[in-house]
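Below, each chain spelled out in residue letters.
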Amino acid sequence: MLSQNFILEKDPLSLERIRQILVRLEDTIIFDLIERAQFAHNPRIYIRGSFQELRDVEFDGSWLEWFLKEIETFHARARRYTSPDEYPFTSNLPVPVLLPLAFPKILHQNTINANPSILSFYTRSIVPRITRRATLALAAIKRSNGIIGDEEYEDDGNYGSAATIDVEVLQAISKRVHYGKFVSESKFLANPAAFVPHILTPNPAALEALVTKPEVERKLLQRLRKKAATYAQEFSADGDAIVNSHLNGSAKIDVDGVVELYESYIIPLTKEVEVDYLLHRLDGLSQEEIDALAA
């Protein structure tokens, strides 16, 4: 959590500071995905109502949603979600036990929360892909023990371990996506006159063009692929990387899957957050204030 940093940071909207945070989140996301990839898909934990034990306590959601609720309830009491860069997946959370910190006003008032979309694409698209190797290995073990057909695939019973890592991945992706608000605010304050006409029109395509830098995205994906390939390697007993071990079927993570996560999901969703934030950037301002920004 970065709560205290927002109070101590001289310029929390510095694009260089934001870039450093996003680069560190790349490492967090990759390492969390590597941890998740060691377990099978376990699709049952993503299906609402599939656990009688949860229905018995009057919870109708999925195992993962229950995990999120329980973990985020504790985090809410520790005031995690009072920080401007933290967004819960669970609604109706308790108030913090601790007194709130005195955050500077950084973002314009908004209610944008992309977590429902993040939860959907993660469980439907990302998890099945990154766990494919573990799922196939599990099936082979089950067949060797006489378990065949529908029972041989996908479920290794590690529901708690898988969901624990899922929560960590989801929270890291959420932070990364919602940092789009900070990017938009920083760029808006640097040149508000360029944005105001397209907010008033409104023109989402023009706003997206103002915040999009194709070369930055290209370098991001290139850097991400190199990182994932490095972290996916196996290492010898003396600590040396086994050259190209990520190419011979023993990789710790599907490198292409990590790149696809960013290219097809994280980057596009971040842009949506950036544009949605800008579309509401003038909400609550007087005409005089808007004219001053446009001048």
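Below: a short report on this structure. Predicted model, so just to flag it, every value in this text is computed and none were measured.

**Structural notes on the overall build of the protein**
1) Next: On a plain count of helices and strands, the protein comes out with 13 helices and 0 strands.
2) Next: Secondary structure elements of the protein occur, N-terminal to C-terminal, as α-α-α-α-α-α-α-α-α-α-α-α-α.
3) Next: Judged by the C-alpha coordinates and their principal axes, the protein covers about 75 × 50 × 35 Å.
4) Next: Burial status across the protein gives 45% buried among its 295 residues.
5) Next: Looking at the protein alone, contacts between residues at least 24 apart form 70% of all its contacts between residues at least 6 apart.
6) Next: Of the roughly 15,300 Å² of accessible surface on the protein, a fraction of 54% belongs to carbon and sulfur atoms.
7) Next: Averaging the locations of the 33 positively and 42 negatively charged side chains of the protein gives two centres separated by 4 Å.

**Observations regarding the environment of Val-127**
1) Next: Checked against the element boundaries, Val-127 lands in helix 5 (residues 115-130).
2) Next: Note on Val-127: relative accessible area 0%, which makes it buried.
3) Next: Sequence separation between Val-127 and Ile-242 is 115 residues, and the spatial gap between their C-alpha atoms is 26 Å.
4) Next: Not counting chain neighbours up to four residues away, the residues in contact with Val-127 comprise Arg-36, His-41, Tyr-46, Tyr-122 and Asp-166.

**Details of the packing of helix 8 (residues 180-190) against helix 12 (residues 255-279)**
1) Next: Close contact between helix 8 and helix 12 brings their axes to 8 Å; oriented N to C, the two are set at 50°. Relative to helix 12, the element helix 8 lies oblique. As helix 8 packs across helix 12, the resulting crossing turns out to be right-handed. From helix 8, Gly-180, Lys-181, Val-183, Ser-184, Glu-185 and Phe-188 reach across to helix 12, where they touch Thr-270, Val-273, Glu-274, Tyr-277 and Leu-278.

**Focus on the side chain of Arg-176**
1) Next: Assignment of secondary structure puts Arg-176 in helix 7 (residues 159-178).
2) Next: There is no salt bridge for the buried Arg-176, and the closest opposite charge comes from Glu-26, which lies 5.6 Å off by N-O distance.
3) Next: Within the local environment of Arg-176, its side chain forms a polar contact with the side chain of Thr-270, the two groups lying 3.3 Å apart.
4) Next: Every residue in contact with Arg-176, bar those within four places of it in the chain, is listed here: Leu-22, Leu-25, Ile-29, Leu-220, Tyr-262, Ile-266 and Thr-270.

**So, the packing of aromatic side chains**
1) Next: Here the structure, examined in full by the defined rule, presents 9 aromatic pairs.
2) Next: Considering the side-chain rings of Phe-121 and Tyr-265, the 4.9 Å spacing of their centres and the 25° angle between planes classify their relative orientation as stacked. Taken together, the residues Phe-121 in helix 5 and Tyr-265 in helix 12 connect sequence positions 144 residues apart.
3) Next: The ring of Phe-51 carries Arg-44 above its face, with NZ or CZ at 3.9 Å from the centroid.

**Looking at the nonpolar core**
1) Next: Leu-33, Tyr-122 and Ile-173 are the most contacted members of the largest nonpolar core, which totals 64 residues.
2) Next: Looking at this core, the elements that each hand over two or more residues are helix 2 (15-37), helix 4 (63-77), helix 5, helix 7, helix 8, helix 11 (214-231) and helix 12.
3) Next: Those residues in contact with Leu-33, other than ones at most four positions away along the chain, are Tyr-122, Ile-126, Ile-130, Val-169, Ile-253, Val-258 and Leu-261.
4) Next: Grouped together as the second largest cluster of nonpolar side chains are 10 residues, Phe-188, Phe-195, Val-211 and Ile-290 included.

Conventions and cut-offs
- Residues numbered from 1 in each chain as written.
- Predicted model: local features only at pLDDT ≥ 70, side-chain atom pairs only at ≥ 80, totals over all residues.
- Heavy atoms only, no water.
- Helix = DSSP H or I, 4+ residues; strand = E, 2+ residues; numbered from the N terminus.
- Buried < 20%, exposed > 50% of the residue type's maximum accessible area, 1.4 Å probe, protein only.
- Contact = heavy atoms within 4.5 Å.
- Areas by Shrake-Rupley, 256 points an atom, 1.4 Å probe, with all protein chains shown as cover.
- Lys, Arg positive; Asp, Glu negative; His and termini not counted.
- Charge placed at Lys NZ, Arg CZ, Asp CG, Glu CD.
- Axes fitted to C-alpha atoms, helices over the stretch in contact; angles between N-to-C directions.
- Parallel < 35°, antiparallel > 145°, perpendicular 65-115°, else oblique.
- Left-handed = near helix turned anticlockwise from the far one by under 90°.
- Salt bridge = Lys/Arg side-chain N within 4 Å of Asp/Glu carboxyl O.
- Polar contact = N/O pair within 3.5 Å; in protein donor to acceptor, adjacent residues only side chain to side chain.
- Phe/Tyr/Trp six-rings, centres within 6.5 Å; stacked < 30°, edge-to-face > 60°.
- Lys NZ or Arg CZ within 6 Å of the ring centre and 35° of its normal.
- Core = buried A, V, L, I, M, F, W, Y, C linked by side-chain atoms within 4.5 Å.

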